[in-house]
Amino acid sequence: MSVTARIHQSVGEIDAAAWDALSDGNPFTSHAFLTLLEESGSVGEGTGWSPLPVVIEDEAGRPAAALPAYLKSHSQGEYVFDHSWADAWHRAGGSYYPKLQISVPFTPATGPRLLTGRRPDLAVPLLKVAEQLCVQNELSSAHATFIAPEQLPLFEEAGWLLRSDIQFHWDNRGYASFDDFLAALSSEKRKNLRKERAKAQDGVEIRALTGADIKPEHWDAFWVFYQDTGARKWGHPYLTRQAFDLIGERMADKVLLVLAFIDDQPVAGALNFIGTEALYGRYWGAVIDKPFLHFELCYYQAIDAAIALGLTRVEAGAQGQHKLARGYAPVQTWSAHWIADKGFRRAVADFLERERAGVAQDQLWLGERTPFRKG
């Protein structure tokens, strides 16, 4: 298939309506989210994330398919760890960076990475364009992370290597209320969760805000929470302060901000994004140390919201086996990788085959330890 592809320097260069027609309603691949990362300085010069979106145009020069892609000079903010690959390639005398990253920066949430709108036939050509981009610019590799499961066959068809990991997601099994969810748990776990919620809520007022109810002062408070968590987890926060203002201006209806107050002062918060099927938990922070408040704001309030909104699942972010006891079950997440050097590719393929077997065993082991009633 002969296609015309254009490499842009930012998503902001691309018409918003044309981009969103391809992105299928996912909040993180939306034009609004990706451009606010650019405009706020969260990605771009000095961050190691240089926007490089790839667009295939139709006969009239309009976007028909796209990749949210970035030129990366490090492996930070990806949540799929390839540091050992980089070290091995450097020891062999190669340059692993820069590389091409097909993802949403700092966002370990599953979603479409091949934005094809009404042209699914352009999915594999998109990946071939990415490969050619790597070859022409002597990039070591291309990586697509947190791929929506339904797109995995497209990466396989293109010959990319698949990698799996585990997250913990909450599945809405048709619950009408949080009590319905609790009824599905074993008696001991049900009692534990009720105790945790009671202790977390004691002396605290919790407000779940969305849309116009989120005020500038709420973002001011959440920035303080986010900075503390970011400094402890990553060394420095990935998002700038302006990013949160732009989220509030452009995506408030896609946001659920859960804040905890004591004496009318915000003391902790959790930021979620609302998708068409899922609620995505992204950031949390606090200025007090209160038992179980993290679980309440991040996990239990998210379950309440997902049930109320009729969503099918909650994705509560990367890692965290403590989510298991709170009703979040192990789910495999997927990434796909293209390696330019054939010898290095064979070594990575061998590693991934062994790693996938281990991940599948881990999922089975964890799945037997969910808090749900057996049988």
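Preceding this section is the structure that the text describes.
Values in this document were obtained by computation on a predicted structure and should not be read as measured data. (Residues numbered from 1 in each chain as written. Predicted model: local features only at pLDDT ≥ 70, side-chain atom pairs only at ≥ 80, totals over all residues. Heavy atoms only, no water.)

Draft legend 1. A look at the nonpolar core. In terms of nonpolar packing, the biggest core is built from 45 residues, with Phe-33, Phe-244, Leu-271 and Phe-273 touching the most fellow members. At the level of secondary structure, the elements contributing two or more residues to this core comprise α1 (16–23), α2 (31–39), α8 (216–234), α9 (241–250), β10 (255–262), β11 (265–274) and β12 (278–286). Looking at this core element by element, the count peaks at 6 residues for α8. Here Phe-273 is in contact with Pro-27, Phe-28, Phe-33, Ile-247, Met-251, Lys-254, Val-255, Ala-278, Leu-279, Tyr-280 and Arg-282, once residues within four sequence places are set aside. One finds Val-267, Leu-293, Val-359 and Leu-366 within the second-largest nonpolar core, a separate group that totals 40 residues. (Core = buried A, V, L, I, M, F, W, Y, C linked by side-chain atoms within 4.5 Å. Buried < 20%, exposed > 50% of the residue type's maximum accessible area, 1.4 Å probe, protein only. Helix = DSSP H or I, 4+ residues; strand = E, 2+ residues; numbered from the N terminus. Contact = heavy atoms within 4.5 Å.)

Draft legend 2. Main features of the pattern of salt bridges. One pass over the full model with this rule turns up 20 salt bridges. Residues Arg-207 and Asp-264 are paired through a salt bridge, measuring 2.6 Å at the closest nitrogen-oxygen approach. In this pair, Arg-207 sits in strand β9 (residues 205–209) while Asp-264 sits in the loop between β10 and β11, placing the two residues 57 residues apart along the sequence. Given the relative accessible area of 25%, Arg-207 is considered partly exposed. Residue class for Asp-264 comes out partly exposed when judged on its relative accessible area of 49%. Several salt bridges converge on common partners, so that one network encompasses Lys-72, Glu-78, Asp-82 and Lys-99. (Salt bridge = Lys/Arg side-chain N within 4 Å of Asp/Glu carboxyl O.)

Draft legend 3. Molecular detail of the sheet that holds strand β14 (residues 329–339). Here 11 strands make up an open sheet; going across it, the order is β2-β5-β6-β7-β14-β8-β13-β12-β11-β10-β9 and the pairing mixed. Pairing within the sheet leaves two strands with one partner each, and these edge strands are β2 (49–51) and β9. This sheet shows a mean twist of 30° between the axes of neighbouring strands, independent of strand direction. Pairing of strand β8 (residues 161–171) with strand β13 (residues 313–315), which is carried by 3 bridges, proceeds in the antiparallel orientation. Paired with Asp-171 across the bridge in β13 is Arg-313. (Pairing = 2+ DSSP bridges. Axes fitted to C-alpha atoms, helices over the stretch in contact; angles between N-to-C directions.)

By themselves, these are just geometric observations and shouldn't be taken as functional.
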